[in-house]
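Residue-level structure breakdown
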Amino acid sequence: MKKYMLLVVTCFATQLFAQQQIKLETAKFKTGDNVEWKNLLTDDSQWGSIKSSTMWELQGFPDYNGYAWYRFHFFLPTSLKEKSLWKDSLRIFLNKIDDNDETYINGTLIGKTNGWNKVREYHVATNSTFLKWDADNVLAVRVFDGGGGGGMYGGVSFINMMDIIDGISMKLNFTANNGNIELHNALSKKVMGELYASVINPENNKVITNINKEIGLIANEKLSLPIINNINNRFIITATFKEQQTGKTLNISETTPYILTPLPSAFPKINGAKVLGVRPGSPILYKIAATGEKPLEYKVKNLPKELTLDTNNGIITGTLPKEGNYILQLIVKNKKGTATNNLTIKVGNVIALTPPMGWNSWNCWGLSVSAEKVKSSAQALIDKGLIDHGWTFMNIDDGWEKPQRDANGKIIPNEKFPDMKGLGDWLHSKGLKWGIYSSPGPLTCGGYLGSYQHEIADANSYANWGIDYLKYDWCSYESIAGKDTSLATYQKPYSIMQNALAKQNRDIIFSLCQYGMKNVWEWGALVNGNCWRTTGDIEDTWQSLSGIGFSQTKQYKYAQPGRWNDPDMLIVGMVGWGENLHPTRLTPDEQYTHISLWSLLSAPLLIGCDISKMDDFTLNLLSNDEVIAIDQDILGKQAHQVIKNSAYQIWMKELEDGNYAIGIFNLSEKYQTITVQWSDMGLKELTAKKVRDVWRQKDVGTFKNNFSTKVAPHGVTLIKVFDK
Ligand code: GLA
């Protein structure tokens, strides 16, 4: 099957629509699910008909969630192939689908993708035996909708031949210092063209390098051309490859992945949250997060007698039966020196005293998550040192359950998770915690089994496996709620699960996922939620990131230790929501904005990429302890928007030490010099204030009435202002 299937995430051709196309406008349509419906000869004469450009809700299926099939009948003329310059591959372009699809031609699977709001582009070799040239074919799309709008939507879907330019790919590849343009000819013939490339300094538009070169790429050739040898400044690299025969072009334009975070020192330094909330008698697992030249030796003063420290790896375990505050002194030593820091363990009713930090499988693996993939990201989190900066949770999202419960109603993990408890024990032995996902409805958003009417049984299973975090996703509960849109109905399933979790003998962070409905931030604490999603799903685009991030204006008052607004998971690194990952489409500046804004918002920080493939830029982005400290500040206040105009915004967060973190965001496409007036921030105007550049971890001076900074397009200057 694999050889026919090539899922392409980026769209290579610029003139996509110039060729002859077979339009996929109307399909035969039926709700329900039957694997036979993928086949060419299935009798669909009695099926209804539906347009592919609009969701099914608007075409006679207003409340339908679940499975449905589209069957497009199309004639495939050989003329399509003959008129094409490159005759090898057919493109099936499907517009957006809500939520997931599996797509077949004449019964053969050609691709599948999870997640709404994404176009699908599948490629099929023209000599595939299942294609019928000069005959009728059937493209069958099995769609699953977990809730909300459903089906195909967003524009025209079509089939056409791939062009020569589609067989060429061009990308930039960055190593520690250098940047190369990489061209690849995937065709079985030689391709000629011209390459124009330049490097400019966008601050003054000075051209640093210019290339204009004729290029011949033989069949399957990969060519690497050096373009820059210092990527630690903010430069823009643009390149165009013009294919000779058709004149069609490929274009790229990227900012160098410039790193701001300084290298960690060889001296020991203790990082991570300074407080841990735990209920009386619940198992404690706390890994002292510390950087510095290895080996590190760990010690703790004032360790309560009920707790044990593993001095080799800094993991504290045990249980504290009595309520109260326990102040421990953490000590980390290496041959360069000693670091000390206090950790307060607060034994009481509130957990998640700082926003949870870790990883979640969804934004990378989607429904294809497996125990192996979780382990490989966990191992990479340890090996790449993220664990030493306080990254702790490894959360499995949708896609882990078997379709049926056992005879006793117990949920069973599917074949991708052969030993749940074993996986958890392994993660715990490394000092990591872990989480799982379910829905209060009968099915999850991905069509897997939910917890409806099995809440206690599921909470028991989670506790038996040693789970530390549950994400509970509304989705098909919509079918239970029906037309009842009262607040009580929205709260009910979360209350039920919270009661089930409260009965367990361990702490399980409760993460509400219902996209902010009924202003969840106003009542999430009532159902004992530790965090609650405030928005729909995030994507790795500026539109999505800025749309979500900069609209978190109303909720800030509700954030406090143990209760966090959640603007969704991080979209940096290799993401993809399925088996095929791609580097985030955010520019480096947009990524600095992302991490700065999420930290100011006191958001849960859940990495959503394959950590085993994490590059240096992303690693440095996620390893800046001063930025992380803003997120993990124990006062637990969330930043609020102080200045907003069409070109920039300024957000400010009050910190536990009496000082402030301020994010100065440039929302425009151009460099801007932005001035922060202390008086606008409500700070004492006449006293000079020390300002620290948080990303660079450098004091930048003392400023009396205001502070000005030049900010890159879509970028940020994140400062700490010392007002105390
Ligand atoms: C919803 C959630 C996502 C993810 C998927 C899983 O879309 O918002 O974060 O959990 O479901 O199917």
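Predicted model, so just to flag it, every value in this text is computed and none were measured. (Residues numbered from 1 in each chain as written. Predicted model: local features only at pLDDT ≥ 70, side-chain atom pairs only at ≥ 80, totals over all residues. Heavy atoms only, no water.)

**Looking at the overall build of the protein**
The condition that has to hold: Only DSSP runs of H or I reaching four residues or more are called helices, and only runs of E reaching two or more are called strands; each is numbered from the N terminus. The globule rule used for comparison is 2.2 Å times the number of residues to the exponent 0.38, while the radius of gyration itself is calculated over C-alpha atoms. Here the term buried applies to any residue with accessible area under 20% of the maximum for its type, exposed to any over 50%, and partly exposed to those in between, with areas from a 1.4 Å probe on protein chains only. Contact definition: two residues touch when any of their heavy atoms are within 4.5 Å. Working definition of accessibility: Shrake-Rupley area with a 1.4 Å probe, residue cover restricted to the visible protein chains. Counting rule applied: Lys, Arg positive; Asp, Glu negative; His and chain ends not counted. Lysine's charge is taken at NZ, arginine's at CZ, aspartate's at CG and glutamate's at CD.
The number of helices and strands found in the protein is 12 helices and 47 strands. Rg of the C-alpha trace for the protein: 27 Å, near the compact-globule value of 27 Å for 724 residues, within the 12% margin. Viewed in the frame of its principal axes, the protein has a C-alpha envelope of about 80 × 70 × 45 Å. Relative to its full complement of 724 residues, the protein shows a buried share of 58%. Look at the contacts in the protein between residues 6 or more apart in sequence, and 71% of them connect residues 24 or more apart. In the structure as shown, the protein presents an accessible area of about 29200 Å², 50% of it carried by carbon and sulfur atoms. The distance from the centre of the 76 positive side-chain charges to the centre of the 73 negative ones in the protein is 4 Å.

**A few points about the nonpolar core**
Selection criterion: For the purposes of this section, nonpolar cores are sets of buried Ala, Val, Leu, Ile, Met, Phe, Trp, Tyr and Cys residues that join through side-chain atoms within 4.5 Å. Domain boundaries shown here were taken from an automatic or database domain assignment.
Counting residues in hydrophobic clusters, the biggest one holds 104 residues, and the most contacted among them are Trp391, Trp400 and Ile607. Formed jointly, this core draws a minimum of three residues from each of two domains, domain 4 (357–586) and domain 5 (641–722). When residues no more than four places from it in sequence are discounted, the contact partners of tryptophan 400 are Ile411, Ile412, Pro413, Asn414, Phe417, Met420, Ile436, Tyr437, Tyr448, Tyr462 and Trp465. Formed by 29 residues, the second largest nonpolar core is a distinct cluster that contains Leu24, Ala27, Leu94 and Met161.

**Some words on the confidence of the model for the protein**
Here is the rule we go by: Per-residue confidence from the predictor is given as pLDDT, running between 0 and 100.
Of all residues in the protein, 97% have pLDDT values of 70 or greater, and the mean over the chain is 95. In the model, residues 1–18 has pLDDT below 50 throughout and makes 43 contacts with residues more than four positions away in sequence or in other chains.

**A word on the packing of helix H5 (residues 455–465) against helix H7 (residues 487–502)**
This is how it is decided: Interaxial angle, 0 to 180 degrees, is taken between N-to-C directions of lines fitted to C-alpha atoms, where a helix line uses only the stretch in contact. For this classification, under 35 degrees means roughly parallel, over 145 means roughly antiparallel, 65 to 115 means roughly perpendicular, and everything else is oblique. By convention the crossing between two helices is left-handed if the near helix lies anticlockwise of the far one by an angle smaller than a right angle, and right-handed if it lies clockwise.
Here H5 crosses H7 at 40 degrees, and the two axes come no closer than 9 Å. Overall, the two elements H5 and H7 adopt an arrangement that is oblique. At the point where H5 passes H7, the crossing takes the right-handed sense. Contacts from Glu455, Ile456, Asp458, Ala459 and Tyr462 of H5 reach H7 at Ile496, Met497, Ala500 and Leu501.

**Concerning the site of the ligand**
The test is simple: It suffices for a single heavy atom of a residue to lie within 4 Å of a molecule or strand for the residue to be listed as near it. Between N or O atoms, a polar contact is any pair within 3.5 Å; within protein, one atom must be a potential hydrogen donor and the other a potential acceptor, and residues adjacent in sequence are included only when both atoms are from side chains. Side-chain classes are defined by residue name, with Ala, Val, Leu, Ile, Met, Phe, Trp, Tyr, Cys and Pro counting as nonpolar, Asp, Glu, Lys and Arg as charged, and the others, Gly among them, as polar.
Lining the immediate surroundings of the ligand are 13 residues, of which Asp397, Asp398, Lys471, Asp473 and Asp537 lie closest. Within the side chain of aspartate 473, a nitrogen or oxygen atom sits 2.9 Å from an oxygen atom of the ligand. Within the side chain of aspartate 537, one N or O atom sits 2.5 Å away from an oxygen atom of the ligand. When the ligand sits alone it has 300 Å² of accessible area, and the protein chains cover 93% of it. Residue composition of the shell around the ligand, grouped by class: six nonpolar, one polar and six charged.

**So, the packing of helix H3 (residues 371–383) against helix H4 (residues 420–429)**
Between two packed helices, the angle of one axis relative to the other and the distance separating the axes together describe the packing. It is at 11 Å that the axes of H3 and H4 come closest, and there the two elements cross at 0 degrees. Considering the angle they form, H3 stands roughly parallel to H4. The residues of H4 that touch H3, namely those facing Ala371, Lys375, Ala378 and Gln379, are Leu423, Trp426 and Leu427. Of the residues contributing to the contact of H3 with H4, the split by class is five nonpolar, one polar and one charged.

**Looking at the sheet that holds strand E17 (residues 206–217)**
Cut-off, in case you're wondering: By the convention used here, strands pair only if DSSP detects at least 2 bridges between them.
The strand order E17-E16-E19-E20 describes an open sheet built from four strands, whose pairing is antiparallel. This sheet does not close on itself; its edge strands, each paired only once, are E17 and strand E20 (249–255). Within the sheet, the average angular offset between the axes of one strand and its neighbour, ignoring direction, is 10 degrees. Of the pairings in the sheet, the one linking strand E19 (residues 236–243) to E20 comprises seven bridges and is antiparallel in character. Directly across from phenylalanine 241, in E20, lies its bridge partner leucine 250.

**A word on the side chain of asparagine 106**
Along the chain, the position of asparagine 106 falls in the loop between strand E8 (100–105) and strand E9 (108–113). Residue class for asparagine 106 comes out buried when judged on its relative accessible area of 13%. At 2.8 Å, the side chain of asparagine 106 forms a polar contact with the side chain of asparagine 137. At 2.8 Å, the side chain of asparagine 106 and the backbone nitrogen of valine 138 are in polar contact. Ignoring any residue separated from it by four or fewer positions in sequence, one finds asparagine 106 in contact with Lys38, Leu40, Phe130, Leu131, Lys132, Asn137 and Val138.

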